[in-house]
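Observations on the model geometry
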Amino acid sequence: GLFELGSKWLGHLPGGLGVATIGACAIFAAISGSSVATAVTIGSMAIPEMLRRGYARDTVLGAVAAGGTLGILIPPSIPMILYGSITDESVGKLFLSGVVPGALLTLLFILYLVFRCRNMERQEAASWQERIRVLRENLWGLLLPVLVVGGIYTGLFTPTEAAAIG
């Protein structure tokens, strides 16, 4: 799913599978809202594949661990929902406060992996047909964060209802 999407679109970059792992973690974090679920789900696919392709073990595990942390920052973050309900803070404002730092951290993780893996052999770039095919297959997964967060901000549903819709 998301890991294949990242691999097809970003795999040709230095450290392409690591970059795909971070991208998949960011998208899955925006779907699940959980760091643990993100690390386990993406890691179960990414770790064996990256090790098989010759990535250093510390790089592989670091990429999954770092990408997993995005789950508490990128909306709809479960810890933000809990914090907002406990402290009577606006969950919508908390979500807004996590968007820019989450995107910035994702970009920094990607730049680090590109730099760290600059001397590794690169994967061949996927054809545009392959990229479009995998994009179509994952379109609903990519639109889910927009639907969930957009629905909360527009007032169509509460954070709890958004979780059920997701």
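Just above, that's the structure.
Let me sum up the structure you'll find in this document. (Residues numbered from 1 in each chain as written. Predicted model: local features only at pLDDT ≥ 70, side-chain atom pairs only at ≥ 80, totals over all residues. Heavy atoms only, no water.)

Our focus in this paragraph is helix H4 (residues 57-68). Taking 1.5 Å per residue as the helical rise, H4 with its 12 residues ought to reach 16 Å, and the 16 Å between its terminal C-alpha atoms agrees with that figure. Taken together, the buried positions of H4 are Thr-59, Val-60, Ala-63, Val-64, Ala-66, Gly-67 and Gly-68. (Helix = DSSP H or I, 4+ residues; strand = E, 2+ residues; numbered from the N terminus. Expected span 1.5 Å × (residues − 1). Buried < 20%, exposed > 50% of the residue type's maximum accessible area, 1.4 Å probe, protein only.)

A separate point is the nonpolar core. Formed by Val-19, Ile-22, Ala-26, Ala-29, Ala-30, Ala-63, Ala-66, Leu-70, Ile-74, Phe-109, Ile-110 and Leu-113, the largest nonpolar core amounts to 12 residues. For this core, the secondary-structure elements that each account for two or more residues are helix H2 (16-32), H4 and helix H6 (91-116). The element contributing the most residues to this core is H2, with five residues. Other than its neighbours up to four places away in sequence, Ala-29 contacts Thr-38, Leu-70, Gly-71, Ile-74 and Pro-76. Of all hydrophobic cores here, the second largest spans 11 residues; its members include Cys-25, Phe-28, Ile-42 and Ala-46. (Core = buried A, V, L, I, M, F, W, Y, C linked by side-chain atoms within 4.5 Å. Contact = heavy atoms within 4.5 Å.)

On the secondary structure map, Thr-59 appears in helix H4. Look past the residues within four positions of Thr-59 in its chain and what remains in contact with it is Leu-113, Arg-116 and Cys-117.

The next point concerns the packing of aromatic side chains. For the structure shown, the criterion picks out zero aromatic pairs. Directly above the aromatic system of Phe-115 lies the positively charged group of Arg-118, at a separation of 4.1 Å from the ring centroid. When the ring centre of Trp-128 is taken as reference, the NZ or CZ atom of Arg-131 above it lies at 4.6 Å. (Phe/Tyr/Trp six-rings, centres within 6.5 Å; stacked < 30°, edge-to-face > 60°. Lys NZ or Arg CZ within 6 Å of the ring centre and 35° of its normal.)

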